[in-house]
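Survey of secondary and tertiary structure
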Amino acid sequence: MTIRVAVADDHAVVRQGLRTFLELQDEIEVVGEAADGEEAVALVERTAPDVVLLDLVMPRVDGIEAIRRIRERCPATRILVLTSFADDRTVLPAVRAGAAGYLLKDVQPPELVAAIRTVHGGEALLAPPVATMLVEQLAAEQGGGAGAAGGRDDGAHLTPRELEVLAELARGRANKAIALALGVSERTVKTHVSNILGKLGFSDRTQAAVYAVEHGLVHKT
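Residues numbered from 1 in each chain as written. Predicted model: local features only at pLDDT ≥ 70, side-chain atom pairs only at ≥ 80, totals over all residues. Heavy atoms only, no water.

Moving on: the overall build of the protein. In terms of regular secondary structure, the protein is built from ten helices and six strands. Buried residues in the protein amount to 52% of all 221 residues. (Helix = DSSP H or I, 4+ residues; strand = E, 2+ residues; numbered from the N terminus. Buried < 20%, exposed > 50% of the residue type's maximum accessible area, 1.4 Å probe, protein only.)

Two modes of strand pairing occur in sheets, parallel and antiparallel, and in both the strands are linked by backbone hydrogen bonds. In space, the six strands of this open sheet follow the order β2-β1-β3-β4-β5-β6, with parallel pairing throughout. In this open sheet, the two edge strands, each paired with only one partner strand, are β2 (28-34) and β6 (125-126). In this sheet, strand β5 (residues 101-104) lies alongside strand β4 (residues 78-83) in parallel orientation, the contact comprising four bridges. Residue pairing across strands places Thr83 opposite Leu104, the latter belonging to β5. (Pairing = 2+ DSSP bridges.)

Look at Ala48: it is not a glycine, yet its phi comes out positive at around 50°. In this fold, Ala48 is placed in the loop between α2 (37-47) and β3 (51-54). The phi torsion at Arg60 lies on the positive side, around 65°, for a residue other than glycine. In this structure, Arg60 sits in the loop between β3 and α3 (63-73).

Another aspect to go through is the nonpolar core. Ranked by internal contacts, the top residues of the largest apolar core, which has 54 residues, are Leu53, Ile67, Leu80, Tyr102, Leu103, Leu112 and Ile116. Core analysis: the second largest hydrophobic core is formed by 19 residues, Leu169, Ala179, Ile196 and Ala208 among them. (Core = buried A, V, L, I, M, F, W, Y, C linked by side-chain atoms within 4.5 Å.)

On to the pairing of β4, then. Most of β4 sits inside the fold, with six of its six residues counted as buried. Across four bridges, the pairing between β3 and β4 is parallel. For Leu54, the partnering residue across the bridge sits in β4 and is Val81. A crossover links β3 with its parallel partner β4, the connecting element being α3, and its sense is right-handed. (Right-handed = clockwise from strand over helix to strand, strands pointing away.)

Moving on, we come to the pattern of salt bridges. Tallying each qualifying case throughout the model produces 13 salt bridges. Among the ionic pairs, Glu38 bridges to Arg60, the shortest N-O distance being 3.4 Å. Of this pair, Glu38 sits in helix α2 while Arg60 sits in the loop between β3 and α3, and the two are 22 residues apart along the sequence. In this structure, Asp55 and Lys105 form a salt bridge, with 3.5 Å as the shortest nitrogen-oxygen distance. Placement of Asp55 in the loop between β3 and α3 and of Lys105 in the loop between β5 and α5 (109-120) is noted, with a sequence separation of 50 residues between them. A residue is classified by how much of its surface remains accessible, and Lys105, at 28% relative accessible area, is partly exposed. Each of Arg15, Arg19, Glu23 and Glu33 takes part in one network of salt bridges that share partners. (Salt bridge = Lys/Arg side-chain N within 4 Å of Asp/Glu carboxyl O.)

What follows concerns α5. In this model, α5 (twelve residues) spans 17 Å end to end at C-alpha, consistent with the 16 Å of a helix rising 1.5 Å per residue. Downstream of α5 by one or two residues, Gly122 has phi in the positive range, about 95°. (Expected span 1.5 Å × (residues − 1).)

Another aspect to go through is the confidence of the model for the protein. Should the pLDDT be low somewhere, the predicted coordinates at that spot are not to be read in detail. Looking at the protein, the pLDDT average stands at 82 and 86% of residues meet or exceed 70. Across residues 145-152, confidence stays below pLDDT 50; counting only partners more than four residues off in sequence or on other chains, it has twelve contacts. (pLDDT = per-residue confidence, 0-100. Contact = heavy atoms within 4.5 Å.)

What follows is the structure, encoded as structure tokens:
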């Protein structure tokens, strides 16, 4: 299966480098480039890529707003943030806007290809430092009384095993790692994840992970 990828970054050298590298991968097709957030949204609307690699610091429309617009207009496109830094002004807003993954530009090339495959497959992916920062931010919000999300319950309608899987999701772990940690098959984990998303009313496992930390469910293992 060919994964159709769009690249959005305001540095021409970065865009060209990514295109050159990605076009060497048999299963990846680069469908276009964008130099700012507004171009990125238009490119995604025009080409409907499977995955868009998106920088956050871009002129005209920044990355966070571009994520929101892409998710609204092209919900099937998975968004993988690829940026130079991660801080409390970008990580949580990007995830809440709908990013399926968040990587730093010092990622190794094979890891970038693996990340594209991962988000294309419906999973969430956060660089380890980013996952740690996300959990810390949400924990701080919860401690300040801002953690209750939209009146949803505390996950009481999830089974004990589903709560365990949800806790692992909140730690940024992929299905294979969750299966190993819980001693079950990867197919079983996929089934649990599907059930969790259905019960919580989410379409994305990243949203479920945020929900888990906001409600303190990450500790219920």
